[in-house]
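# Fold and contact review
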Amino acid sequence: MQDVHQFFALLQRHRLERIEANQLMEGHYTRALPANILENLLHQASQHALPLMLFVASPGCVQIRTGTLPMPQRARGWLNLFGDSFTLHLDDTAIDQVWQVSKPNRGGGVTSIEAFDAQGALVLQIYAERREGNPESSAWRQLLNELNQREAVA
């Protein structure tokens, strides 16, 4: 791949769902993570004021939020982000699988965190904020490495 936007065409060409591709490429370009990692990830990103891109999938649309995040708050079983210009309510108990996905490109690749429900539907993708053609944030990669190290120890 030269561009991350070619990923969808690869899925179509090989007649794969995104979750199937993640499972098939585990250990090469993907890594399964604990389903409960999202709260810690969002907490760390907020604490470090790391600008992210959140892609939230809903039937018929994808909503995108770019920028720094407020501190996640747990209320009534939901994981919430209450920002000045947006609110996210995530039922993270419905997250069945979380994957770290590396997608190669001309700029050294990008890394996403992808969360799926029990039916294999994509619920949430998280990327570091970046402009097309620019390299991925080293702070994002450092955060992911730290989370991976904590998981390896646990």
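In this report, the structure presented in the accompanying data block is examined. (Residues numbered from 1 in each chain as written. Predicted model: local features only at pLDDT ≥ 70, side-chain atom pairs only at ≥ 80, totals over all residues. Heavy atoms only, no water.)

## Things to note about the sheet that holds strand S1 (residues 30-33)
- Taken together, six strands build an open sheet; the order of strands is S1-S7-S8-S9-S2-S3 and the sheet is antiparallel. The strands lining the two open edges of the sheet, one partner per strand, are S1 and strand S3 (61-67). With direction set aside, neighbouring strand axes in the sheet form an average angle of 20°.
- With five bridges connecting them, strand S2 (residues 52-58) and strand S9 (residues 122-128) associate as antiparallel partners. Directly across from Val56, in S9, lies its bridge partner Leu124.
- Lying over the sheet, helix H3 (residues 37-47) contacts S1, S2, strand S7 (95-103), strand S8 (110-117) and S9, oriented at roughly 30° with respect to S9. (Pairing = 2+ DSSP bridges. Helix = DSSP H or I, 4+ residues; strand = E, 2+ residues; numbered from the N terminus. Axes fitted to C-alpha atoms, helices over the stretch in contact; angles between N-to-C directions. Contact = heavy atoms within 4.5 Å.)

## Notes on unusual backbone geometry
- Positive phi values are uncommon outside glycine, yet Ala49 reaches one of about 50°.
- Mapping Ala49 onto the fold places it in the loop between H3 and S2.
- You will see that Arg76, though not glycine, has its phi angle at about 55°, which is positive.
- With respect to the helices and strands, Arg76 occurs in the loop between strand S4 (73-75) and strand S5 (78-82).

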